[in-house]
Amino acid sequence: MHRVAQAAAVAVVIALLGVLVWKVVNGNGGKIAHQVDNGQIVIAPPFVRSRLDTTGRLGLASLRGKVVVLNFWATWCIPCKQEARTLEAVANEWKSKGVVFVGINEESLTGDAKAFLAKYGVTYPQVKDDGSLEGHYGVIGYPETFFVNRKGMVVPPHIAAPATRQQLDAGIRGAIAS
Amino acid sequence: MRLLVAALTALVLAVPALADNLHPSQRQMEAELVCPTCHEPLDESSSPIAQRIKDYIRKRIAEGATENQIKDELVAQLGPRVLGVPSTHGFDLLAWVIPLGGMGLGFLAVGAGAWAWSRNRSTDEAVLDPGASSLGTHVEKRLDDELARFDG
């Protein structure tokens, strides 16, 4: 009986270790950002989130056929403030060419986020995330920007810094061409 | 009578909890909630978002919001991680399943142990019971004969 209990305890510990190893090897955390950084093209995780800038919800699937620029940001993030007006300007320039910018707000109070959008004159669609989407995309800081092509695939580059106009233009051209 | 005592006890315990919910304190809320960025209790975090959440709690308490209202509002804005509890789906589900499963297995082990112990004990008692002889019919007959001869 004692040996059976010991064997069961060892089996449980081994099983938990196995689960941990599996999670580290196969988990989504960081995978998409990492793969895109390695030049790979991967399926964009679908999402539907509540709109921050207006009522209702927005899903990535509803934007299929367009190039989508996903920008993860937070109100307290200083680089997000630095890039906000650039994003808005580039979004407006590409709007008529089937390119949609979507802001994904993280770790921010709703009132603060709305005040941020008003202060920096951001008008492109915004959604609010509860932290789960950034996990799927492997976001580890703010701001980070991803490019999704017309087929719903995330394509390089992945910008893990305040985006410049040149980086955004190059990313959008790459997504259109892919 | 017992029912009345139980009801009164429950009432005595429930009133402070209800009062806490209706009139939460800043300190209590900061101890119970977690900074979504650094994952530390709010009262130990000085991150920008933690400061904003503290301000928000202060404002809502002043407006008369209950503890549950404030928590619900923060979860709606920042997600369930502000409560500091793991989510109930994906890999995080293990954080719920493993302790509960462990407790279940523990209860089963204790139950099985108690059952085995009580069985052994009743067997031991049966051996010690003078009415339940284990001498065998042959020995018993010999003993009876000896006793009869001794009496005779």
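About the cut-offs
Residues numbered from 1 in each chain as written. Chains lettered and ligands numbered in written order. Predicted model: local features only at pLDDT ≥ 70, side-chain atom pairs only at ≥ 80, totals over all residues. Contact = placed C-beta atoms within 7 Å. Nonpolar A, V, L, I, M, F, W, Y, C, P; charged D, E, K, R; others polar. Helix = DSSP H or I, 4+ residues; strand = E, 2+ residues; numbered from the N terminus. Expected span 1.5 Å × (residues − 1). Buried ≥ 20, exposed ≤ 12 C-beta atoms within 10 Å, placed from the backbone. Bend = angle between axes of the 7 residues up to and from the residue. Pairing = 2+ DSSP bridges.

1. Some points on the interface of chain B and chain A
And then number 1: Between chain B and chain A, the contact holds 13 residues from the first and eleven residues from the second.
And then number 2: Here the side of chain B that touches chain A is built from residues that sort into eight nonpolar, three polar and two charged.

2. A few points about helix H6 (residues 137–151) of chain B
Helical geometry: 3.6 residues make up each α-helical turn, so side chains three or four residues apart lie on a common side.
And then number 1: Over its 15 residues, H6 of chain B runs 21 Å from end to end, which matches the ideal 21 Å to within 8%, given 1.5 Å per residue.
And then number 2: Across the 15 residues of H6 of chain B, zero count as buried, placing the element largely on the outside.

3. Considering helix H3 (residues 78–94) of chain A
Residues and elements named next belong to chain A.
And then number 1: In this model H3 runs 25 Å from its N-terminal to its C-terminal C-alpha over 17 residues, within 8% of the 24 Å that 1.5 Å per residue would give.
And then number 2: Helix geometry: H3 is bent most strongly at Ala84, by close to 35 degrees.
And then number 3: For H3, the set of buried residues is Cys80, Glu83, Ala84, Leu87, Val90 and Ala91.
And then number 4: Packing partners of the buried residues in H3 comprise strand E4 (67–73), strand E5 (99–105), helix H4 (110–120) and helix H6 (165–177).

4. A short note on the sheet that holds strand E7 (residues 144–148) of chain A
All names here are of chain A.
And then number 1: Overall, mixed pairing links the six strands, which are arranged E1-E8-E7-E4-E5-E6 in an open sheet. Edge positions in the sheet fall to strand E1 (42–43) and strand E6 (126–128), since each has one partner strand and no second.
And then number 2: The sheet contact formed by E4 and E5 spans seven bridges and is parallel. Of the residues in E5, the one forming a bridge with Phe72 is Ile104.

5. Some details on unusual backbone geometry
And then number 1: Following Tyr142 of chain A, the chain continues into Pro143 of chain A via a peptide bond in cis, with omega recorded as -5 degrees.
And then number 2: Cis geometry is adopted by the peptide bond preceding Pro157 of chain A, which originates at Pro156 of chain A and carries an omega value of 5 degrees.
And then number 3: With respect to the helices, strands and loops of the structure, Pro157 of chain A is situated in strand E8 (residues 153–159).
And then number 4: Even without glycine at this site, Glu107 of chain A takes up a positive phi of about 45 degrees.
And then number 5: Within the element layout of this structure, Glu107 of chain A appears in the loop between E5 and H4.
And then number 6: Residues other than glycine seldom take positive phi values, yet His39 of chain B does so here, at roughly 60 degrees.
And then number 7: Along the chain, His39 of chain B falls in the loop between helix H2 (26–32) and helix H3 (48–62).

So far we have only geometry, and geometry alone does not tell us how the molecule works.
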